Structures are given as C-alpha cells and as structure tokens.
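# A structural walkthrough
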Amino acid sequence: MGKQHSNAGRGVVGVVIVAGCFICAFVQYSLLPQADLTDVHSQVLPTRHEFVKQKPTTVTRPLAKDQIHLETLRNKTSTKIPHYYTVFSTSCSPQQDWESFVFFFHAMQVKQPGSVTRILSGCKDFEEKEQRDFYERYIEPMGDFHVHFTPSYSKLHLAEGAPYKYSNKPYGLLHWFEHALGLNSTSNILAASGELLDGIVILMDPDMILLRPLQHDFTDEHVLWVENEPVTRMVKHGYPIAQHDGYLTNQWMSLPLNFTKPFDRDGPLHWNSGPPYLATVKDFYQLTLKWTLWLPNVLQVYPKLFAEMYALIFAGVELNLPFTFIRSIVISDPTAGPKREGWPFIDALTDKELCNVPESAPMPIALHYCSRYMIGKNFFSKYRLKKNIMDCDKALIFPPAIDVYSYPRYNFTVNVPLANGRDRDTYQEEHTPFSSLQEARRQAFMVCAMTAKVNEALVYIKERACNGTANLNKPYSVYDDPSNTR
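So, here is what we can say about the structure in this document. No experiment lies behind these values; they were computed from the predicted model shown.

Our next topic: the overall build of the protein. Looking only at helices and strands, one finds 12 helices and 15 strands in the protein. Per-residue burial over the protein gives 58% buried out of 486 residues. In the protein, the proportion of contacts linking residues at least 24 apart, taken out of those at least 6 apart, comes to 80%. When the accessible surface of the protein is totalled, it reaches about 20,100 Å², and 51% of it is carbon and sulfur.

Moving on, we come to unusual backbone geometry. Between proline 275 and the following residue, proline 276, the backbone shows a cis peptide bond with an omega angle of 0°. Structurally, the position occupied by proline 276 is in strand E8 (residues 273-280). For asparagine 320, which is not a glycine, the phi torsion comes out positive at approximately 55°. Mapped onto the fold, asparagine 320 is located in the loop between helix H10 (307-319) and strand E9 (324-326). Backbone geometry places asparagine 467, a non-glycine residue, at a positive phi of 50°. Within the secondary structure layout, asparagine 467 lies in the segment after helix H12 (437-465). Here asparagine 467 falls in the exposed class, since its relative accessible area comes to 54%.

Estimated volume of the largest pocket: approximately 710 Å³. Within the residue set of the lining of the largest pocket, elements represented by two or more residues are helix H3 (94-110) and H12. Broken down by element, the lining of the largest pocket gets its largest block of residues, six residues, from H12. Tallied by class, residues from the lining of the largest pocket come to 20 nonpolar, four polar and five charged.

For the coordinates displayed, the defined rule picks out 14 salt bridges. Linking arginine 118 and aspartate 97 is a salt bridge whose minimum nitrogen-to-oxygen distance equals 3.0 Å. With a gap of 21 residues between them, arginine 118 in strand E3 (residues 115-121) and aspartate 97 in helix H3 connect regions that are remote in the sequence. The exposure classification of arginine 118 matches that of aspartate 97, with both residues buried.

For the rest of this paragraph, the subject is the nonpolar core. Phe101, Met142, Leu214, Phe218 and Phe445 are the most contacted members of the largest nonpolar core, which totals 78 residues. A total of 14 residues in this core trace back to one element, the largest contributor, which is H12. Contacts of methionine 142, omitting those with residues within four sequence positions, involve Phe101, Phe104, Phe105, Met108 and Tyr460. If you look at the next biggest cluster of nonpolar residues, it comprises 54 residues, including Leu203, Tyr302, Tyr310 and Leu312.

So, about the state of the cysteines. All chains considered together, the criterion is met by three disulfides. Here cysteine 92 is linked by a disulfide to cysteine 123, with a sulfur-sulfur distance of 2.2 Å. With the S-S dihedral at roughly 95°, the linkage between cysteine 92 and cysteine 123 falls on the right-handed side. Linking cysteine 92 in the loop between strand E2 (84-91) and H3 with cysteine 123 in the loop between E3 and helix H4 (125-139), this pair joins segments that are 31 residues apart in sequence. For cysteine 92, a relative accessible area of 15% corresponds to the buried category. Residue cysteine 123 is classed as buried on the basis of its relative accessible area of 6%. Here the bonded cysteines of the protein are numbered in sequence order, and their pairing is 1-2, 3-5, 4-6.

Further remarks concern the environment of threonine 280. For threonine 280, the position within the fold is in strand E8. For the pair threonine 280 and glycine 199, spaced 81 residues apart in sequence, the C-alpha to C-alpha distance is 5.5 Å. If we skip the residues at most four places from it in the chain, threonine 280 touches Leu197, Gly199, Ile200, Val235, Lys236 and His237. Polar contacts involving the side chain of threonine 280 include one to the main-chain amide nitrogen of aspartate 283, which spans 3.2 Å.

Taking burial as the measure, the five residues of strand E5 (residues 200-204) include five buried ones, the bulk of the element. Inspection of the sheet shows E5 paired to E8 by four bridges, in the antiparallel sense. Pairing of isoleucine 200 across the sheet is with threonine 280, part of E8.

Right, let's talk about the packing of H3 against H12 for a bit. Across the interface, H3 lies against H12 with an axial gap of 9 Å and an inter-helix angle of 90°. Judged on the interaxial angle alone, H12 and H3 are roughly perpendicular. Residues Phe101, Val102, Phe105, His106 and Met108 of H3 form the contact with H12, whose participating residues are Lys453, Val454, Glu456, Ala457, Tyr460 and Ile461. Residues that form the contact of H3 with H12 fall into these classes: eight nonpolar, one polar and two charged.

About the cut-offs
Residues numbered from 1 in each chain as written. Predicted model: local features only at pLDDT ≥ 70, side-chain atom pairs only at ≥ 80, totals over all residues. Heavy atoms only, no water. Helix = DSSP H or I, 4+ residues; strand = E, 2+ residues; numbered from the N terminus. Buried < 20%, exposed > 50% of the residue type's maximum accessible area, 1.4 Å probe, protein only. Contact = heavy atoms within 4.5 Å. Areas by Shrake-Rupley, 256 points an atom, 1.4 Å probe, with all protein chains shown as cover. 1 Å grid on protein atoms, 1.4 Å probe; cavity = no way out; pocket = protein on both sides within 12 Å on 5 of 7 lines; lining within 4 Å. Points joined across faces, edges and corners; volume = space filled by probe spheres on them. Nonpolar A, V, L, I, M, F, W, Y, C, P; charged D, E, K, R; others polar. Salt bridge = Lys/Arg side-chain N within 4 Å of Asp/Glu carboxyl O. Core = buried A, V, L, I, M, F, W, Y, C linked by side-chain atoms within 4.5 Å. Disulfide = S-S within 2.5 Å. Polar contact = N/O pair within 3.5 Å; in protein donor to acceptor, adjacent residues only side chain to side chain. Pairing = 2+ DSSP bridges. Axes fitted to C-alpha atoms, helices over the stretch in contact; angles between N-to-C directions. Parallel < 35°, antiparallel > 145°, perpendicular 65-115°, else oblique.

So, in structure tokens, the structure goes:
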C-alpha cells in the first residue's frame, strides 16, 4: 500500500445517527463578551458544503460545490416503514476517525436500516481529500453510508479563547438538513414530499456501537421504559423518543432565560433527554432550527458542558415536543443507579456470560463508551487508545483475562500510567477496590465488549487496507505502552 494509504485511519466517514458523548467529562468554561455572540446564527452560515452519497454502480466522486442531491433521498421507496437517517456529528480528528469507522462497521454488522451519515465539521482541504479517498475505498462498499462535510462551527468561543466544540452538533445537523435534504425554509417544508418529512432521523454519538438495529417502532422491542404506560411506543409526528439521560437535572428550569416553563415540570420524565434522539424529519428539522438559536443564549448564562443538551431541551419546550424516554437504548456508566440506563440486562447475565453473551439474552440496543472501563489490569478508554490505531503497524487491543469476571480475584482496579510518560520512573501500581460486586461485573462486561467490538472493526479495515502488512498478532496493553499518540 502506498504512503498515502498506509495510514488506514485517515478519512473515516460517518453515519446519520447523531448522538453526543458530553456526559463523559465535566469541564467548566467562561464565555467571551456578548459582542462575540451577536447574530451567531448568521455567523455560522456555511461557506461550502458537499454531500458524498453512494451510487449503485460507480465510485462516488467529489460533488460540485453547492450541488444538492435531493432526488435520491426523496425517492426512497417504502410503503410501510419510513426511511431512516442515522447521523452523528464529529470534528476532523484521528480519534473521531477511528470512532466513526467502528460506528460504520457495527452498523453494517447489525444491518442498520436506511442510511448512516457522518457529519464531518472543520476539515482542512488536505484532510477532506484524505477523508474522501478513505470513504470511496473502504466505507462506501460497506452499505448506504455517507459523509457530509461542513465548515467548523466552533464559533461560540469561551472566555479562555477555547471554542465550544459541541456547537458542531446542532449547526452541523442544520447544515445537513438544509444541504442534504433541502429543507431550508418554512415554505420549503410545506412543499417537501410527505415521504421525506415522514422519515426518521436518529441522532447518535460517534462513540456508540450498535448491538442490534435501532428503529422507530418499539412496540415489540424488549426495552425499559421510564413510564409504566408510555405516551407512545413509536416515533411519529409530534412524538419523539430518546434515551433517558441520568446526568441532566432540572437546573435548566432555573436558568435566567426568557422562556415559558412547561406545564409538565417533571424534567426527568419528558425533557431531560440524551442521545440517541429519534424524531421524524419534520419534527427534528424544526427542533434543530430552534436548537441553533437557543445555544448562544444558553452559553451566555451556562458556559459549561451540557449547554448544547440544555439548548435542545429549550427547543423542545418552545415547540411543545416532549420526548418519550427509554432507559435502555444505551448503557454507558457502570455506576448507574437502578433507574438509569439498560444495566438490568447486564445484571441478569451469569458470570461466564459477561464476556460471552448468549444470542438469546436481552440486551441494550447500543453501547455508549464515553467512560473509562477497568477491572484488574484490564482497561479500555477511548481517550487512551492510540489516535492512529487504524494504522497498519499499530497493534490490536490486548484482550481481557479469560476469567476477568472472577470475583474476588478481580475485585479492584489498577491505576493507569500517564499517557505523556511523565510518571515513567515513578509509577507504582495501586489497587482500588470496587464498591460492589455489581459494579465489578458491569466493568467486566464493558471491558470485554469494547475490546472485542473495536478489535473486530480494526481487523476488518486492516485486512482490506494494509496489503498483508497489518500488525494483527501482537496486541498491546495501556499498562505496557501507555502513550496514546505513537
């Protein structure tokens, strides 16, 4: 493989399932003066756009600037099931390249219906060329998968000068609606085909892995609802569905903003939503228009992580579009309480099933790997994987010990050496016991699942991109090789 393609990790494209992994860390910011946010909606209007779409018999070529391909999207034929647009938003970075490829790979594995699109913001010209090349070679053949390029929308700067990177999500999504689906005005919505507006948008995060298809009708799905009798079990106009977010509180109701509080003041029941979000094209476009308008206002009074999630809540409140919540679309936090996430499915597994789950076992629909997972000296964190782990010479992840589920043998975690190597000469192994057997079992499940799922995707791409030179036989451990940059 030539020099340009020896790095298999460059240019991964994404899916139309959009989600956010903003619950994984908490960083507090201060906002720049109000003048910098004036008319932010017009400031972030795109300077260029392109939508790379799959063609049935030929390789996709770069599209002309401002060329919008609506006919293929509008002419999706489905008499009973609406077309699914799974989307996720990323920046242009090596870490989100491998996350995106892992997302695509498992969407292919579970046969996620409809299209999957990575909304990719902020690439330089040479990066966009690499992304396109990688897409055409390795992503497009996998299925109805796309990449949608947008400018960077990290224009809402904070006091320290750092951009608020999560603004890419609402503004990038709006760019996709307008330039990929052609929805750019109220009159345009009225003129759009009912089939397009009836489609389902699934917004996911790039750090999610589908375990089975995510669809709009949960009538016969084995899921855990927040309400005993949910208002709806199917996404339809006026009735979006989302993951119940256990991290958000009703703090948004007390923010000093001009809004009418909802009649239903129970945020955890209808408003405190998290990804994945599912809504019809018509509803999600309206939500996104309001979302982009609310975000600058929220950041003025709440310049912190979760600001963009609160802004989406305000958009829903203004439009009177409460979500119906499912607890078990994803799992992410092994310390979650009994009424958060889909952990009861994992808790019901036997010890030996934690790392070898039976096909018949009820499971969440997806994994959201926004935390770090560890048991004994078995460890997984997206931030500690090598950024260029898809390169042909980079090793796979060392698999967990075969008896990692054994408790009390693995009733502790081991601290991880620093990625920058500053503790190379001073590092000492320290054991921290788990607070409960339940947490240890959940950690064992996530370490096993994430290692296996990421390795499966890495083997797939390296077998196709490395011309027989891939390093598939020498897995590495972060304890032995802590650097995440080389």
